[in-house]
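Commentary on secondary and tertiary structure
Given next are the chains, with one letter for each unit.
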2 protein chains.
Amino acid sequence: MTVFVGCDLGGTNIKAGLVDMDQMKVLHAKSAETLSHKGHDDVMRRMGTLITEVIEESGIDRGRIKGVGVSAPGVLDLEKGHTLFLPNLYGQWRDVPLGPTLSKYLNLPVSMLNDVRAITLGEYTFGAGKGVESMACYAIGTGIGGGVVVNGQLVLGIGGTAGELGHMTIDINGPRCGCGNYGCMEAFASAPAIASMGVKAVQQGLTTKIADLAEQDLNKITPELIAQAANMGDEIANEIWRNAGSYIGTGVSNVIVTFGPKRIVISGGVAAAGDLLLEPIRETIKKRVFIVPLEEIEVVTGALGNEAGIMGMATWASLQL
Amino acid sequence: MTVFVGCDLGGTNIKAGLVDMDQMKVLHAKSAETLSHKGHDDVMRRMGTLITEVIEESGIDRGRIKGVGVSAPGVLDLEKGHTLFLPNLYGQWRDVPLGPTLSKYLNLPVSMLNDVRAITLGEYTFGAGKGVESMACYAIGTGIGGGVVVNGQLVLGIGGTAGELGHMTIDINGPRCGCGNYGCMEAFASAPAIASMGVKAVQQGLTTKIADLAEQDLNKITPELIAQAANMGDEIANEIWRNAGSYIGTGVSNVIVTFGPKRIVISGGVAAAGDLLLEPIRETIKKRVFIVPLEEIEVVTGALGNEAGIMGMATWASLQL
């Protein structure tokens, strides 16, 4: 049994899990709050404690554990294992030696990777990307992250920044994005952008079940709620998903003409909408891509859910040895 | 001395050249008219004759020649060496056995590749892409083609269709493109699109040297002529190049967030504009890309000019052995 630890540092929670690489499954996992306002030393200490607890609670001989992979939501120095810029955490995470600190604490090799690249690698190795040599993965939630596999290898680009597929410009005259650019796919089709389409419909007084489901409270309008309305046959809600799929499908079309991935994996909270989102993505690709044989390309949802990142980081750690 | 033949089947001309792979240079090359209206059997016969002539005229021992690479402008079946769709040639080129026919005629192994992927491979191996592990190449002329190198390998995608970088949507509401899509970069910044910006300026009666240089004849307005006007200080002409660079730079930004190439190579006739085009591309990238460290990315013009395709196809042939 070859076991690696996958750990994800998120803005809200830290997750850690033991992954059996032969059985391709998570043996034991747990999470803790990030509490990043307490500072990075405190966060790193609790990450070390959490990983130690996961190992001890699993009952697995510590000698079987070969390494630890740690993902973080931002820009990292992969070689040094330092964080460079983590916009979703409080305080300065500029050049924090997260990898070396945990490695010393745990007495295990630690390797790092951006969180969405970890999801991509997890889905590619164990999930929706299995069996193809090239893949693009989108994680659609508060933002839109992504990752790219070409010729069987996760593409890192410069410092692991390849795969920022949410920041493709799909409208040269489009709205401001959180990244500083204008017209990014993320500005059109992230969870908040989809929710805002529902808010607007209600504000406009359009006839839609979204208002009732949200009990007339704009704060309660989420992609999940809009999907619920759409599944009840609400035309406005269905149109919102068609629009979201058209935006995402345009970005996916751009990825297809660039490197021709055979599998497009849509993960993250918004992927729960299923065919409400996937069908308009597929239709958009057919309208926009003419040179690539589309019958060889599948658009699917992620298969690993919340475990994708942990499994991806265990895989990443195993690839570094 | 290891010698391969590179051959390019174009809409107007066929080119063939002998490439010394050790010295990295074209030893001898010549071209002939394509005359595709005479049918594919005739075209293939003349390709065979042209390649035979190049070999004989060079005086190089035929035994030294290890293989032939043939590029064509369209979609190919790379495994069979058949053409599938060549939109710039007359008649049906659907499933024409170009590779096997030439191989039999020449008694040499023949491998095939799309023409712009050939330019990409040539520039990567011998030209502007030397020394980096990832690169994107644009060939900007009548259309905009491209190619992509990741981790030192030309990315083929499905049937060699990866790298169609001119067909990225940069404006979801944009104008019709020749490919059938709307809002492609090619629809904004190909040579005809750039020329049409000059035509429009003259038609509008704007004060610009373009009109005089073209002797008031709209048919004479080309990117070269607009570059000439811009280099004379003409403000309208400079603005046209800034616009073209902004469109191309948006597409390049999308490629950068996707896989982070360290070198962006701009080739094709339009690249002759040099910094008139490259500077606004660089400025646009700075405005649009925030997550990738741009100081590690260079935007340069191609180094091999018209020889890029021949050198790329010789390289491709050598990689197939």
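A brief look at the structure comes next.

Overview of empty space enclosed by the protein
Taken as a whole, this structure holds two cavities of 30 Å³ or more when the rule is applied. Reported here for the largest cavity is a volume of approximately 40 Å³. Residue lining of the largest cavity: V257(A), R288(A), V289(A), F290(A), I291(A), H167(B) and C179(B), and that is the complete set. Class assignment of the residues belonging to the lining of the largest cavity gives a composition of five nonpolar, one polar and one charged. Within this model, the second largest cavity holds a volume of roughly 30 Å³. Lining of the second largest cavity is provided by G74(B), V75(B), L76(B), L78(B), N114(B), R117(B), G159(B), G160(B) and T161(B). Broken down by class, the residue content of the lining of the second largest cavity amounts to three nonpolar, five polar and one charged.

Some words on the nonpolar core
With 115 residues, the main nonpolar core has W241(A), I266(A), W241(B) and I266(B) as its most contacted residues. The biggest single contributor to this core is helix α8 (residues 235–259) of chain A, with twelve residues. Setting aside residues up to four positions removed in sequence, I266(B) forms contacts with Y138(B), I140(B), I248(B), A271(B), L277(B), L278(B), I281(B), V299(B), V300(B), T301(B) and G302(B). The next biggest cluster of nonpolar side chains, apart from the first, holds 30 residues, and it includes A72(B), L86(B), L106(B) and L108(B).

A look at unusual backbone geometry
One non-glycine residue, L35(A), lies in the positive phi region at around 50 degrees. Mapping L35(A) onto the fold places it in the loop between β3 (25–33) and α1 (40–58). Residue class for L35(A) comes out partly exposed when judged on its relative accessible area of 27%. The phi dihedral of N151(B) is positive, around 50 degrees, even though this residue is not glycine. Relative to the elements of secondary structure, N151(B) occurs in the loop between β9 (144–150) and β10 (153–154). Assessed through its relative accessible area of 40%, N151(B) is described here as partly exposed.

Here we look at helix α5 (residues 191–203) of chain B
What sets the pattern is the α-helix's 3.6 residues per turn: residues three or four places apart point alike. All names here are of chain B. Along its 13 residues, α5 runs 18 Å from first to last C-alpha, staying within 8% of the 18 Å computed at 1.5 Å per residue. Looking at the buried side of α5, the elements it contacts are α4 (185–189), α6 (209–213), α7 (223–231) and α8 (235–259). Two residues or fewer past α5, G205 is found with a positive phi of approximately 75 degrees.

Some words on the pairing of strand β12 (residues 298–301) of chain A
All names here are of chain A. In this structure, strand β11 (residues 263–267) lies alongside β12, joined through four bridges in parallel fashion. Note on β12: the bridge partner recorded for I264 is V299. Handedness of the β11-helix α9 (residues 275–288)-β12 crossover: right-handed.

Points about the pattern of salt bridges
All names here are of chain A. Taken as a whole and assessed by the stated rule, the structure comprises 22 salt bridges over all chains. For the salt bridge of E235 with R242, the shortest nitrogen-to-oxygen distance reads 2.8 Å. Of the residues examined, E235 reaches a relative accessible area of 45% and is grouped as partly exposed. Judged by relative accessible area, R242 falls into the partly exposed class, the value being 38%. Here E298 makes a salt bridge to R263, at a shortest N to O gap of 2.8 Å. Of this pair, E298 sits in strand β12 while R263 sits in strand β11, and the two are 35 residues apart along the sequence. By relative accessible area, E298 is classed as partly exposed at 41%. R263 sits in the buried class, given a relative accessible area of 14%.

Description of the packing of helix α7 (residues 223–231) of chain A against α8(A)
A pair of packed helices is captured by two measures, namely the crossing angle of their axes and the spacing between those axes. All names here are of chain A. In the contact formed by α7 and α8, the axes pass within 7 Å of each other and the chain directions differ by 125 degrees. Between α7 and α8, the angle falls in the class oblique. Crossing of α7 over α8 shows left-handed handedness. Contacts from P223, I226, A227, A229 and A230 in α7 reach A237, N238, I240 and W241 in α8. Considering only residue class, the contact of α7 with α8 consists of eight nonpolar, one polar and no charged.

Observations regarding the environment of P280(B)
Residues and elements named next belong to chain B. Position of P280 relative to the elements: it lies in helix α9 (residues 275–288). According to the relative accessible area criterion, P280 is buried, its value standing at 8%. A sequence separation of 33 residues divides P280 from Y247, and the C-alpha atoms of the two residues are 9.2 Å apart. Residues in contact with P280, not counting those within four places in the same chain, are W241, R242, G245, S246 and D275.

Rules used in this analysis
- Residues numbered from 1 in each chain as written.
- Chains lettered and ligands numbered in written order.
- Predicted model: local features only at pLDDT ≥ 70, side-chain atom pairs only at ≥ 80, totals over all residues.
- Heavy atoms only, no water.
- 1 Å grid on protein atoms, 1.4 Å probe; cavity = no way out; pocket = protein on both sides within 12 Å on 5 of 7 lines; lining within 4 Å.
- Points joined across faces, edges and corners; volume = space filled by probe spheres on them.
- Nonpolar A, V, L, I, M, F, W, Y, C, P; charged D, E, K, R; others polar.
- Core = buried A, V, L, I, M, F, W, Y, C linked by side-chain atoms within 4.5 Å.
- Buried < 20%, exposed > 50% of the residue type's maximum accessible area, 1.4 Å probe, protein only.
- Helix = DSSP H or I, 4+ residues; strand = E, 2+ residues; numbered from the N terminus.
- Contact = heavy atoms within 4.5 Å.
- Expected span 1.5 Å × (residues − 1).
- Pairing = 2+ DSSP bridges.
- Right-handed = clockwise from strand over helix to strand, strands pointing away.
- Salt bridge = Lys/Arg side-chain N within 4 Å of Asp/Glu carboxyl O.
- Axes fitted to C-alpha atoms, helices over the stretch in contact; angles between N-to-C directions.
- Parallel < 35°, antiparallel > 145°, perpendicular 65-115°, else oblique.
- Left-handed = near helix turned anticlockwise from the far one by under 90°.

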